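Overview (structure and organization)
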Amino acid sequence: MNSQYLKPAFDNPVDSAQQGFRIALKAISEPGLSHELGLVAELDSLAPATYALALTLLDSDTTVWLSPSMDTPAVRANLAFHCACPITGQAQEADFALLQASEADYITLFNNGTDRDPELSCTALIQLGSLDGGQTTIWQGPGIETQREVALPVETVFWQKRQAVTKFPCGIDMYFIAGEQIMALPRSTQVNFQQEN
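Residues numbered from 1 in each chain as written. Predicted model: local features only at pLDDT ≥ 70, side-chain atom pairs only at ≥ 80, totals over all residues. Heavy atoms only, no water.

**Focus on the pairing of strand β8 (residues 173–178)**
- Where burial is concerned, most of β8 is hidden: six out of the six residues are buried.
- Side-chain alternation along β8 places Asp173, Tyr175 and Ile177 on one buried face and Met174, Phe176 and Ala178 on a second face that is also buried.
- In the sheet, β8 pairs with strand β9 (residues 181–185) via five bridges, with the strands oriented antiparallel. What sits directly across from Ile177, in β9, is Ile182.
- Remark: two residues form the turn of the hairpin made by β8 and β9, two consecutive strands paired antiparallel; Gly179 in that turn has positive phi of roughly 65°. (Buried < 20%, exposed > 50% of the residue type's maximum accessible area, 1.4 Å probe, protein only. Helix = DSSP H or I, 4+ residues; strand = E, 2+ residues; numbered from the N terminus. Pairing = 2+ DSSP bridges.)

**Thoughts on the packing of helix α1 (residues 13–29) against helix α2 (residues 48–57)**
- Running from amino to carboxyl end, α1 crosses α2 at an angle of 105°, the nearest separation of the two axes being 9 Å. Relative to α2, the element α1 lies roughly perpendicular. Facing Ala17, Gly20, Phe21 and Ala24 of α1, the residues of α2 in contact are Leu53, Thr56 and Leu57.
- When the residues that make up the contact of α1 with α2 are grouped by side-chain class, the tally is five nonpolar, two polar and no charged. (Axes fitted to C-alpha atoms, helices over the stretch in contact; angles between N-to-C directions. Parallel < 35°, antiparallel > 145°, perpendicular 65-115°, else oblique. Contact = heavy atoms within 4.5 Å. Nonpolar A, V, L, I, M, F, W, Y, C, P; charged D, E, K, R; others polar.)

**Re the nonpolar core**
- Counting 32 residues, the largest nonpolar core has Leu53, Leu58, Leu79, Tyr175, Ile177 and Ile182 as its most contacted members.
- For this core, the elements supplying multiple residues, two or more each, are α1, α2, β2 (64–66), α3 (73–83), β4 (96–100), β8 and β9.
- With seven residues, the top contributor of residues to this core is α2.
- If we ignore the near neighbours within four places in the chain, the residues touching Leu58 are Leu53, Val64, Leu79, Cys83, Cys85 and Phe96. (Core = buried A, V, L, I, M, F, W, Y, C linked by side-chain atoms within 4.5 Å.)

**So, the sheet that holds strand β10 (residues 190–193)**
- If you trace the three strands from one edge of the open sheet to the other, you get β7-β6-β10, paired in antiparallel fashion. Every other strand in the sheet has two partners, leaving β7 (148–150) and β10 as the edge strands with one partner each. The mean inter-strand angle of the sheet, taken between neighbouring strand axes irrespective of direction, is 35°.
- Here strand β6 (residues 137–140) pairs with β10 via four bridges, running antiparallel.

**Considering the packing of aromatic side chains**
- Throughout the structure, instances matching the rule amount to five aromatic pairs.
- Plain terms: the ring middles of Trp139 and Trp159 are 6.4 Å apart, the flat faces sit at 75° to each other, and that makes the pair edge-to-face. Separated by 20 residues along the polypeptide, Trp139 in strand β6 and Trp159 in helix α4 (residues 156–164) bring together distant segments of the chain.
- For Trp159, a relative accessible area of 7% translates into the label buried.
- Ring geometry for Phe158 and Trp159: centres 5.3 Å apart, planes at 90°, overall edge-to-face. (Phe/Tyr/Trp six-rings, centres within 6.5 Å; stacked < 30°, edge-to-face > 60°.)

Shape descriptors only; they carry no functional weight alone.
And the structure:
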């Protein structure tokens, strides 16, 4: 490992990791709502909240896949040093995947679990420039009282790829990240397009 790439992680690892986990859990229980996760500075290609989630969720028992846009020497060095997580070149082996929303083609390569063991599916940390400004979608499911309108700035193909791997209980849990903001989309949430009048 080249130490020149190493950057600071959490100032207080235990307290910050616990805080990060609470925020991540709150986000996954409230699909479509934005939460602030600004516990650490950005790291190369990783936004602050992406790096914070990585420091919170990744460890020596979690295999990580990095998309081409995320796979840099600095990211590899810091994940290895701070998280001790093995990094795989095979997307289907990943417990966690880090990618940009524009790299939607990779979604269909991730493990989406089985009917018997849905919890073995991959969790994707997906970076965006913003969590708003795209086509309005309607989210329904656990954690949403009736329905929630969400306008993530992703292409239609992204939702098509997500639909292709989602057949509850199978599917991929997703965290969308923009800067210090995160929003979760669990596999149990149904996403539909708003009907045009």
